[in-house]
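In case you want the letters, here they are:
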Amino acid sequence: EDQNVEVQVVDAMDKVFGAHPGFRAFHAKGIVVEGTFVGSPQGAALSQAKVFDGTSIPVTIRFSNNGGLPTVPDGSADANPHGMAIKFHLPDGSETDMVTNSLKFFPVSTASDLRDLFEAIAASPEGAPKPTKFEQFVAAHPKVGPAFATAATPSSFAAEEYHGLNAFVLVNSRGERQAVRYLIVPERVAHIEASAAAARGPNYLMDEIPDRLARGPVIFHLKAQISEPSDITNDPSQPWPETRKVEELGVITITNSVSNSAEAQKELLYLPGRIIEGIELSDDPMVSIRDGAYAVSFSRRSQ
Ligand code: HEM
């Protein structure tokens, strides 16, 4: 990977979406909610991380739309995939994060390919000569089309399944290591047609979740897809077979929205590589590069 891909990828995002002071370079539109996580015995057997020890851990969650436009309509295809970022607040004051989205696999293998994808989009405005740079990129990267085809428009942030995509390694108290990919599974997945989403208005997802929480909690199951030794762990564009075992790591109970979401999300920084003992990076270099890019975006949006 290039030395400066963390900066280049954020620059390329800004070329596509424009720079919007105070907002994230990507997943710019979102809403912050709060709740708790309780780890399961299976989670504790897979990882000694304190987050899975069965005690109730406060969580701060940000749901988001794809893209760098703070005003993207929630039901637009450009808002897919939606994101779910979770920050777990451990009793010792430390934090660990998970940053997931609703794609079933990632469109490209590496961060430099993602940079090149945004560069190609930026170089392919309306009326650009055919084949456009974007069309050429898609032709040369066969996972882009199929990956985006896995994204749909949810009826609610609470009715979507989210995927960690990058592999992590869980380490238990016996030192046993298991590469996994996280899945965040709602009680019910519900997708709607673009026309129905448009009828609900441009902020229907952001408006719906506080209303829902006022009526009662929202439950998700945090799960781990368990890899086999032959599975590739350094390429999130390669899904593992559907037949792989999935273990429950615990239950997320979202209890409330926050009154100052717009301010709260400015202060929040989720880092996919913010991990604690019992969770390790895999051989996928993308996670550390993501950390760098998220930090670049954070420092720009905090100015
Ligand atoms: C090389 C790959 C990637 C790069 C360079 C990248 C870059 C970024 C950047 C710059 C941000 C804004 C961060 C901020 O200002 O706080 C962001 C946000 C986000 N990304 Fe990525 N991303 C990558 C891959 C992924 C993957 C694989 C996922 C899902 C599994 C994902 C899901 C998200 C989500 C959900 C957010 C919003 C986080 C929040 O709510 O604070 N990204 N990404």
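Residues numbered from 1 in each chain as written. Predicted model: local features only at pLDDT ≥ 70, side-chain atom pairs only at ≥ 80, totals over all residues.

With an unreviewed UniProt entry as reference, the chain is termed Catalase-related peroxidase, source organism Microvirga tunisiensis. Taken verbatim from the UniProt record of the chain, the Cofactor (unreviewed entry) comment is "heme". (UniProt positions renumbered as here; feature names shortened; annotations may be inferred.)

(A) Seen up close, unusual backbone geometry. Backbone torsion omega between Asn80 and Pro81 reads 0 degrees, so that peptide bond is classified as cis. With respect to the element layout, Pro81 can be found in the loop between strand 2 (56–64) and strand 3 (83–89). Put simply, Lys130 and Pro131 share a cis peptide bond, and its omega is -10 degrees. Residue placement: Pro131 occurs in the loop between helix 3 (111–122) and helix 4 (133–140). Phi is positive for His27, close to 55 degrees, though the residue is something other than glycine. Position of His27 relative to the elements: it lies in the loop between helix 1 (5–17) and strand 1 (30–39). Its 25 C-beta neighbours within 10 Å are what place His27 among the buried residues. Phi at Leu165 takes a positive value of approximately 65 degrees, unusual for a residue other than glycine. Relative to the elements of secondary structure, Leu165 occurs in the loop between strand 5 (162–163) and strand 6 (168–171). (Helix = DSSP H or I, 4+ residues; strand = E, 2+ residues; numbered from the N terminus. Buried ≥ 20, exposed ≤ 12 C-beta atoms within 10 Å, placed from the backbone.)

(B) Geometry of the packing of helix 1 against helix 3. Between helix 1 and helix 3, the shortest axis-to-axis distance is 8 Å and the interhelical angle comes to 25 degrees. Classified by the angle their axes make, helix 1 and helix 3 are roughly parallel. The handedness of the crossing between helix 1 and helix 3 comes out as left-handed. Listed contacts from helix 3 to Val5, Gln8, Val9, Ala12, Met13, Lys15 and Val16 of helix 1 are Ala111, Ser112, Leu114, Arg115, Phe118, Glu119, Ile121 and Ala122. Looking at the contact of helix 1 with helix 3 residue by residue, the class counts come to 10 nonpolar, 2 polar and 3 charged. (Axes fitted to C-alpha atoms, helices over the stretch in contact; angles between N-to-C directions. Parallel < 35°, antiparallel > 145°, perpendicular 65-115°, else oblique. Left-handed = near helix turned anticlockwise from the far one by under 90°. Contact = placed C-beta atoms within 7 Å. Nonpolar A, V, L, I, M, F, W, Y, C, P; charged D, E, K, R; others polar.)

(C) Highlighting the environment of Leu213. For Leu213, the location among the structural elements is in helix 7 (residues 204–215). Along the primary structure Leu213 and Pro285 are separated by 72 residues, whereas in three dimensions their C-alpha atoms are 37 Å apart. Those residues in contact with Leu213 that sit more than four places away from it in its chain are Val33, Val218, Ile254, Thr255, Asn256 and Ser257.

(D) Seen up close, the UniProt feature "active site" (unreviewed entry) in the chain. When the UniProt feature table is mapped to this numbering, "active site" (unreviewed entry) covers His27. Beyond its immediate chain neighbours, meaning those up to four positions away, His27 contacts Ser64, Asn65, Asn66 and Gly83.

(E) Representation of the site of the ligand. Lining the immediate surroundings of the ligand are 31 residues, of which Arg24, His27, Gly83, Ala111 and Ser297 lie closest. Secondary structure elements with two or more residues in the shell around the ligand: helix 1, strand 2, strand 3, strand 4 (95–101), helix 3 and helix 9 (286–301). The biggest single contributor to the shell around the ligand is helix 9, with 8 residues. Here the shell around the ligand is composed, by residue class, of 18 nonpolar, 9 polar and 4 charged. (Near = placed C-beta within 6 Å.)

(F) Inspection of the pairing of strand 8 (residues 218–226) at higher detail. In the sheet, strand 7 (residues 177–186) pairs with strand 8 via 7 bridges, with the strands oriented antiparallel. Residue pairing across strands places Arg181 opposite Gln225, the latter belonging to strand 8. When strand 8 meets strand 9 (residues 246–257), the two strands line up antiparallel, connected through 8 bridges. Along strand 9, the bridge assignment pairs Ala224 with Glu247. (Pairing = 2+ DSSP bridges.)

(G) Inspection of the packing of helix 1 against helix 9 at higher detail. Following both chains from N to C, one finds helix 1 and helix 9 inclined at 55 degrees, their axes separated by 8 Å at the closest point. One way to sum up the angle between helix 1 and helix 9 is to call them oblique. Handedness of the helix 1/helix 9 crossing: right-handed. Taken together, the residues of helix 9 that come into contact with helix 1 (itself represented by Val5, Glu6, Val7, Val9 and Val10) are Ile289, Gly292, Ala293, Val296 and Ser297. A per-class count over the contact of helix 1 with helix 9 returns 7 nonpolar, 2 polar and 1 charged.

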